Structures are given as C-alpha cells and as structure tokens.
Amino acid sequence: MDLHALTIGKARELLSQSKISSVELTRALLDRIDLYDDRIGAFITVDKEAALAQALAADEQIAKGNQTPFTGIPIALKDLLCTRGVKTTCASKILGNFVPQYDATVVAKLKKENAVLIGKTNLDEFAMGSSTENSAFKITRNPWNEDHVPGGSSGGSAAAVAAQFCCGSLGTDTGGSIRQPASHCGVVGLKPTYGRVSRFGLVSYASSLDQIGPITRDVRDAAMMMNLICGNDPKDSTSAKVDVPDFTGALNQFEANSLKGMKAGVPKEYLGVEGIDPEVSAMFDRAKKVLESLGVEIVEISLPHTQYVVAAYYIIAPCEASSNLARFDGVRYGVRDSEPDDLIEMYKKTKSQGFGPEVQRRIIIGTYALSAGYYDAYYGRASQVRTLIMEDFSKAFEQCDFILSPVAPTPAFKIGENTGDPLTMYLSDIFTLSANMAGIPGISVPAGFSAKGLPMGIQMMGKHFDEISLLRAGFGFERALDLKTDFPVL
Ligand code: GLN
C-alpha cells in the first residue's frame, strides 16, 4: 500500500483500525518530500522533528482511544496562516524572519484534534498572483508537468496534495487562489462562503474577499475538512453566526442518490469569454453531459455584469491590500532595512527591499485609487459594480441550485509565459473572481486532462452558505466521471 497516496478518509479508517500508525504515514510523506520537493518546490518550511513528534503524540492518543477525524492526519498549511513558533513568511522577504506568537484559529482547530502539521507551503507573495511565480523564495512547479505552473496563489498547497506530500492542505482564496491551483493540479479545492471560516491569524490580503478553505484529493475529504474548520469565532468579528451543518453526514445521505432534481445554471456570458482554450471548452461540454446523465438539468442563465468583474476586482483587491500592507513598515514586523535614523528613509528602504514587484504594483494601484479625488471614480465605482455583480447572482439563483463553469480559461500555462504581462495574468482569473465579489461558495473538481496531460477542473458556485449542494454535486460528478486521479509518478 502506498501510504502517501491515502486520502484523509482512507487514512482515518486505517488509523482507527490500527492498520497504520501516524508515525508511519508521516514518515512516508516526509520521505517523499525529501526525495521530490527539490523539484516541485511546494514547501517553504518543513520541520520534520516537530511533525514526527506530533505524529507520535497522535498515535498515543489513538492508543488511548481518543481520536477525532483529524487525529494523526498530516496536513500542509499555506504560509499565510500564522503558526505559533513556526516561521510564517507569506512568501515575502519582509516577513522572512517572522515567527508568530499565536496560531490562526484553523491551525488551533487542527492542533486540538492532534493533526500533524507537516509544513508551510509556498504561495504568491501575500497571495497576490495566479501562478506561485511571485514568491520571494522559489517557484513551485506543477507535479503533472514540471515546465508548467501549479496555479496560484495557493500553488504550494495544491502541488503538495497532488505530489502526495500530505493528505490534504489549507489554502486561501481572495479571487480564485484555492480553486484555480486545485484545477491546475488535478485536486479538489473549496472556497467556502464569506464568513463561514474564521480568518483569525490569516495574514490579510483583501479583507472583504479573503477566505480559507480546503484542498484535498477528493470531495469527501473536502467535506471532512469543512466539518473541522467552519464556525463562528469570537476572535473574528466577520465570521458568521450561522449553524454549521454536518458536511460529511450530508454526503453520506446522498451517497445512494442521483442528482435528480438539481438545476445547474450555465452563464451565457461565460461562453463568450475571449481566449478560452478549445480543450477547456471540450472538457466543459463533457462535464455538462456527465451531470445530465446524473439527472441534473442544465439551464442557461445570465450574469450580465461579467465583463466588469476583472476590472472591479483589480481595483477593490489592491485598494484593500494597500491598506492592509501598510502595517509592514519595518517597525512592527519582520525585516527592517537600514537603521531608523531617518524614519521616512527607513520606511522607503524597507518597503522597496522587502516587497516584490507584484506587491509593490498592487500597493501603488491601491494607494492611487484610494487617494482624495480618485476614491469616487475608482473604489466607489468598483464597489457599485460589485453590488451589481451580487445582484446578478441573486437573480441567477432563482433559476438554479448552482452555477457551472470552467475554473480557468486554459490549462496551467508554462512557467514564465505570463510573468511579463500582468494584465493577461489578471484576465485568466475571469471565472473565479465573481464568487469572492459576491461572497458565495465555489468548488473546483477535476474534470479531465489536456492532450499534454495537464489537469482541468470545473467550478460550481452556490448560494450563500449552501456548500452542501456543491459538495453533493461535486461528489456525484467525481464518482460518475471516475477520472484516473492516480497522481503523477514523480
Ligand atoms: N489572482 C488573484 C489575485 O492575484 C487572486 C489571488 C487570490 O485569490 N489570493 O488577486
């Protein structure tokens, strides 16, 4: 049995039956990281001793009969999530030496269940990007084809699951950063509803859009992680006070069923998006047929403001980022460049040495757009467009249970292909940005491969707090398609 290939669900089963130990499982994954992560570059930090000590502690708990779903399960964390005593860099030089004194709530939840925190994964600096090429430390390669990007910004978390370096991982999604890398790496990624998961201890990028969510091998594992991470948190005033359903329980209930009675809306505006790769269109047509064969009715819907989504997002996100990143000033956190004899000089040097080019671009755009005299024309206007986008979705959901689309217009592009052209990079986010703008949940499920063997996923977006419909449809789709997700043999 290949221990490294286990899903969370399967690993849980074997751990509870004492057929494997967490130490064995963790060791198998660490060995694989040792062998292959030089090539893939999924991790920024791996602390082997700490991981093995956590595994041993988990095995002791299991022996005593104390186990919960994540006891002894190795999980990787995007390096944007604070981990007490463990470096948290956000893939930025400015936080290259930052060691938090507290855990993010999601991390605390994993620890409470005695999960094994196997390492901190690479990302685009401060989650700004779509390819993980904007990390200050290294690029991450797509495990399916190492000349290609893994997507981003949670590229390290997606690659770590695809390369079988962990059983599952956590990513964050501000405009697609869970769903798009999951799609490019052939794994499942779920962005929960805004407010569903506490963001305490998540380093903020754009606060009205950011959300934490799971990246896993299959849909059931995503449901398991949702059971763990969701729920109101007094430490995060934006976390919603809503009941958390039993996500895995809901799937069990559906297991024997078809998807009969569900309606999937396909936005007519999405089909006209420029630059959709024919292989993505073919994959999407096949996916629709698979869903139809399960009893899903496909209906055409309209999201009339689609053409403004990219422009509005790329104002709102940089504006919020410019405000959030003001705290990294060389005084309160991380790295400082030069001695603060002259304060302004010190700020300037710290920020220009500490932030990479994409982050500087966003700070400049955001600062400009928020400045007096421009606020109304940019941020104010983009916020109005955002309201229209939200209304588009509310209307569309009168006609369907979820909205179906590709995740990205093309399979993973080549490393370096888009780095010189930020605008092309931004445009590739067209299908994922809206879910964040509207605050609704979205899932990415593997749906096929390109002729070059690169994975492609479909996206399902749901009503606020209706992740269950997405999990249910994703679960049915995954089983019906029965894609060979035998991960790449590195
Ligand atoms: N690519 C988008 C951006 O750069 C989304 C990133 C994200 O979701 N964190 O803003």
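Let me sum up the structure you'll find in this document. (Residues numbered from 1 in each chain as written. Predicted model: local features only at pLDDT ≥ 70, side-chain atom pairs only at ≥ 80, totals over all residues. Heavy atoms only, no water.)

### Focus on the overall build of the chain
(1) Moving on: Helix and strand counts for the chain stand at 17 helices and eleven strands.
(2) Moving on: Principal-axis analysis of the C-alpha atoms places the extent of the chain at approximately 65 × 55 × 45 Å.
(3) Moving on: Evaluated residue by residue, the chain yields a buried proportion of 60% over its 490 residues.
(4) Moving on: Within the chain, contacts between residues at least 6 apart in sequence are counted, and of these 76% link residues at least 24 apart. (Helix = DSSP H or I, 4+ residues; strand = E, 2+ residues; numbered from the N terminus. Buried < 20%, exposed > 50% of the residue type's maximum accessible area, 1.4 Å probe, protein only. Contact = heavy atoms within 4.5 Å.)

### Examining the side chain of His-184
(1) Moving on: Along the chain, His-184 falls in helix α6 (residues 179–185).
(2) Moving on: A polar contact of 3.5 Å, which involves the side chain of His-184, links it to the backbone nitrogen of Ala-412.
(3) Moving on: If we ignore the near neighbours within four places in the chain, the residues touching His-184 are Asn-142, Trp-144, Pro-150, Gly-151, Ala-408, Thr-410, Pro-411, Ala-412 and Pro-455. (Polar contact = N/O pair within 3.5 Å; in protein donor to acceptor, adjacent residues only side chain to side chain.)

### A closer look at a negative patch on the surface
(1) Moving on: Among the surface-exposed residues, Glu-339, Asp-341, Asp-342 and Glu-345 lie close enough to one another that they form a single negatively charged patch.
(2) Moving on: Mapped onto the secondary structure, Asp-341 falls in the loop between α11 (309–324) and α12 (343–354).
(3) Moving on: A relative accessible area of 76% places Asp-341 in the exposed class. (Patch = residues over 30% accessible without salt bridge, like charges linked within 9 Å, V, L, I, M, F, W, Y side chains within 5 Å. Areas by Shrake-Rupley, 256 points an atom, 1.4 Å probe, with all protein chains shown as cover. Salt bridge = Lys/Arg side-chain N within 4 Å of Asp/Glu carboxyl O. Lys, Arg positive; Asp, Glu negative; His and termini not counted. Charge placed at Lys NZ, Arg CZ, Asp CG, Glu CD.)

### Overview of the sheet that holds strand β5 (residues 188–191)
(1) Moving on: Strands sit in the order β1-β3-β2-β4-β6-β5-β10-β11-β9-β7-β8 across an open sheet of eleven strands; the sheet is mixed. Only two strands of the sheet have a single neighbouring strand rather than two, namely β1 (43–45) and β8 (297–301). Shown here is a sheet whose adjacent strand axes are inclined to one another by a mean of 35°, direction ignored.
(2) Moving on: Pairing between strand β2 (residues 74–78) and strand β3 (residues 116–121): five bridges, direction parallel. Within the sheet, the bridge partner assigned to Ile-75 lies in β3 and is Leu-117.
(3) Moving on: Against the sheet, helix α2 (residues 22–40) engages β1, β2 and β3, with an angle of about 20° to β3. (Pairing = 2+ DSSP bridges. Axes fitted to C-alpha atoms, helices over the stretch in contact; angles between N-to-C directions.)

### Comments concerning the pattern of salt bridges
(1) Moving on: A complete count under the given rule lists eleven salt bridges for this structure.
(2) Moving on: Across the pair Asp-103 and Lys-111 runs a salt bridge, and its minimum N-O distance is 2.8 Å.
(3) Moving on: According to the relative accessible area criterion, Asp-103 is buried, its value standing at 15%.
(4) Moving on: Here Lys-111 falls in the partly exposed class, since its relative accessible area comes to 34%.

### A word on the site of the ligand
(1) Moving on: Among the 15 residues in the neighbourhood of the ligand, the closest are listed as Gly-175, Ser-177, Tyr-205, Tyr-313 and Asp-429.
(2) Moving on: Gly-175 is positioned with one of its backbone polar atoms (N or O) 2.6 Å from an oxygen atom of the ligand.
(3) Moving on: Within the side chain of Tyr-313, an N or O atom sits 2.7 Å from an oxygen atom of the ligand.
(4) Moving on: Here the ligand, which alone exposes 290 Å², has 99% of that area covered by the protein.
(5) Moving on: Each residue belonging to the shell around the ligand can be placed in one class, and the counts come to five nonpolar, seven polar and three charged. (Near = heavy atom within 4 Å. Nonpolar A, V, L, I, M, F, W, Y, C, P; charged D, E, K, R; others polar.)

### What to know about the environment of Arg-220
(1) Moving on: Within the secondary structure layout, Arg-220 lies in helix α7 (residues 219–229).
(2) Moving on: The spatial distance from the C-alpha of Arg-220 to the C-alpha of Pro-441 is 16 Å, given a sequence separation of 221 residues.

### What about the packing of aromatic side chains?
(1) Moving on: One pass over the structure, following the stated rule, counts 15 aromatic pairs.
(2) Moving on: Ring centres of Phe-328 and Tyr-333 lie 5.3 Å apart, and the angle between their planes is 55°; this geometry places the pair in the tilted category.
(3) Moving on: Among the residues examined, Phe-328 registers a relative accessible area of 4% and is labelled buried.
(4) Moving on: Here Tyr-374 and Tyr-378 contribute two aromatic rings whose centre-to-centre distance is 6.2 Å and whose plane-to-plane angle is 40°, an arrangement assigned as tilted. (Phe/Tyr/Trp six-rings, centres within 6.5 Å; stacked < 30°, edge-to-face > 60°.)

### Section: the nonpolar core
(1) Moving on: Grouped together as the largest cluster of nonpolar side chains are 145 residues, with contacts concentrated most on Phe-70, Phe-126, Phe-393, Ile-458 and Met-460.
(2) Moving on: Counting residues per element, this core draws most heavily on α11, which supplies ten residues.
(3) Moving on: Ignoring sequence-local partners within four residues, the contact set of Phe-70 consists of Ile-8, Arg-12, Ile-75, Leu-110, Glu-113, Asn-114, Ala-115, Met-224, Met-225 and Leu-228.
(4) Moving on: The next biggest cluster of nonpolar side chains, apart from the first, holds five residues, and it includes Val-149, Ala-412, Phe-413 and Leu-454. (Core = buried A, V, L, I, M, F, W, Y, C linked by side-chain atoms within 4.5 Å.)

Purely geometric numbers; function is a separate question.
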